[in-house]
Structure formats: C-alpha cells, structure tokens
Amino acid sequence: MSSLSSMACAAGVASLMALQSVSAAGQDRIGIPLGETPAIVEIEDLEGQPVDLGQFIGKKPVLAEFWALWCELCEQLMPRMLAAHSKYGDQVEFLAVSVAINQTPRRIKRHLEKHPVPYRVLWDENGRATRAFQAPTTSYIVVLDETGRVTYTGTGADQDIEGAVCRVVEERC
C-alpha cells in the first residue's frame, strides 16, 4: 500500500469515527453545550436599534430560535413555538433571532405584517448571537434556565419545545 493510500485510508477512518461520535451524542451535542452560559452580546431589533441580550439572559428562562424567512423547518416549527408561547409566554422570554443570510430586516418586517408572532424578533446582522450560541443552522432552539445556563438545544421541525420549556418552569412535565 502506498503512503498516499495509507494516508487516505487513515483519513477515511478518522472521518467515520468522528461521524459516529457525533451520531452517538445526539441532540444534546448540537451547538452550545448543555450547562454552558452563552456570552452576552448585543444585536439589533428590526429597526436597527441595539438590543443587549443581557437584559434577558439570567433574569428568567429564555427560549431563542435561530430563524430565517426561507427556512422550511422554521415554518414547520411555528405551530410548536406558538403553542409553547401561549402556555409559557408569561414565564419565559421567547426570542426569534433572525440570521442575516439571504434576508433583510425590511423583508422580515413585511413578512411579520402578514404573519405576526407574539414575541420579539431580533436581527443578528454580524453573527454575534449565532457565534455566542454556537448556532449550527436555522431552526436551532436553545432554552436557558433563569440563571442563563443552557438546558436544551435542538434543530428541526419535530422538537418538543413545550417539553423543553416546561422543564425550566415547572417541576413536573
């Protein structure tokens, strides 16, 4: 076997091992680790005004969804978001963090005129929140407890948002 073939084989084995460790870890390993506290960063609202995420984090539980207009999974997730907000919106701060990829605040505002949501929609133009929360994709949900620690992360349309939020506000779910 040539040294080039040996190196290719070793690289392939290393890739497979990495994939297996990611698969075995499951959703708990997506994005920011459980138990961590994200860095407090400043992003903007849709009017361009600064919003310090520190005004929310560590005060009461927070649910942040990293979201985009073009994200089909985000659209599919919307009924679960609205149901969880309806049940826990007075106890948990819900935030939609709009990623600045192929969308603008103006387009988002037009969309929200037709499809309003009962929680804050923010704009992460420079990716500060995306980096702080280690958001790997849109439809990424992070739930923080009242101390600001991550209790849940997940992606996709089939997340149990209500269950994740319930665990930070009630003792029994």
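Above this text is the structure in question.
Because the structure is a prediction, the values reported are computed rather than measured.

The rules behind the values
Along each chain, residue indices are assigned from 1 in the same order as the chain's sequence is written. Reporting of local features is limited, given that this is a predicted model, to residues whose pLDDT is at least 70; pairs of side-chain atoms are given and counted only at 80 or more, and all residues count toward the totals for whole chains, interfaces and linings. Each side-chain value is derived from all of the structure's non-hydrogen atoms; neither hydrogens nor water enter the calculation. Basic side-chain nitrogens of Lys or Arg form a salt bridge, by our definition, when they fall within 4 Å of a carboxyl oxygen of Asp or Glu. Note on conventions: DSSP H or I runs of at least 4 residues are helices, E runs of at least 2 residues are strands, and numbering of each starts at the N terminus. Burial classes: relative accessible area under 20% of the type maximum marks a residue as buried, over 50% as exposed, and values in between as partly exposed (1.4 Å probe, protein chains only). A helix is expected to span 1.5 Å multiplied by its residue count minus one. A residue's bend is simply the angle between two axes: one fitted to the seven residues ending at it, one to the seven starting at it. Only heavy atoms matter for contacts: two residues are in contact if any of them lie within 4.5 Å across the pair. Whether two strands pair depends on DSSP finding at least two bridges between them. Interaxial angles span 0 to 180 degrees and are taken between N-to-C directions of axes, which are lines fitted to C-alpha atoms, for helices over the stretch in contact.

Undergrad: I'd like a rundown of the pattern of salt bridges, residues and numbers included.
TA: Opposite charge on two side chains lets them pair, provided their charged atoms get close. In the structure shown here, the tally under the stated rule is four salt bridges. For Lys109, the salt bridge is made with Glu47, and the minimal N-O distance between the two is 3.4 Å. Note that Lys109 is positioned in helix α3 (residues 105–114) and Glu47 in the loop between β1 (42–45) and β2 (50–52), a separation of 62 residues in sequence. On the basis of relative accessible area, Lys109 is assigned to the partly exposed category, the value being 30%. Overall, the relative accessible area of 56% leaves Glu47 in the exposed class.

Undergrad: Describe helix α2 (residues 72–88), listing the residues and the values that go with them.
TA: Compared with the 24 Å implied by 1.5 Å per residue over 17 residues, the 24 Å span of α2 between its first and last C-alpha is a close match. Approximately 40° is the largest bend angle found in α2, and it occurs at Met78, with the proline Pro79 only one to four residues beyond. When α2 is considered as a whole, its buried residues turn out to be Cys74, Leu77, Met78, Met81, Ala84, His85 and Tyr88. Its buried side turned inward, α2 meets β3 (62–67), β4 (93–99), β6 (140–144) and α5 (161–169).

Undergrad: Summarise the sheet that holds β2; cite the residues concerned and give the values.
TA: As summarised here, the arrangement of the seven strands in space is β2-β1-β5-β4-β3-β6-β7, forming an open sheet in which the pairing is mixed. With one partner strand each, in any of the chains shown, β2 and β7 (150–154) form the two edges of the open sheet. The average angle at which neighbouring strand axes cross in this sheet is 30°, direction not considered. Bridging between β3 and β4 involves six bridges; their strand directions are parallel.

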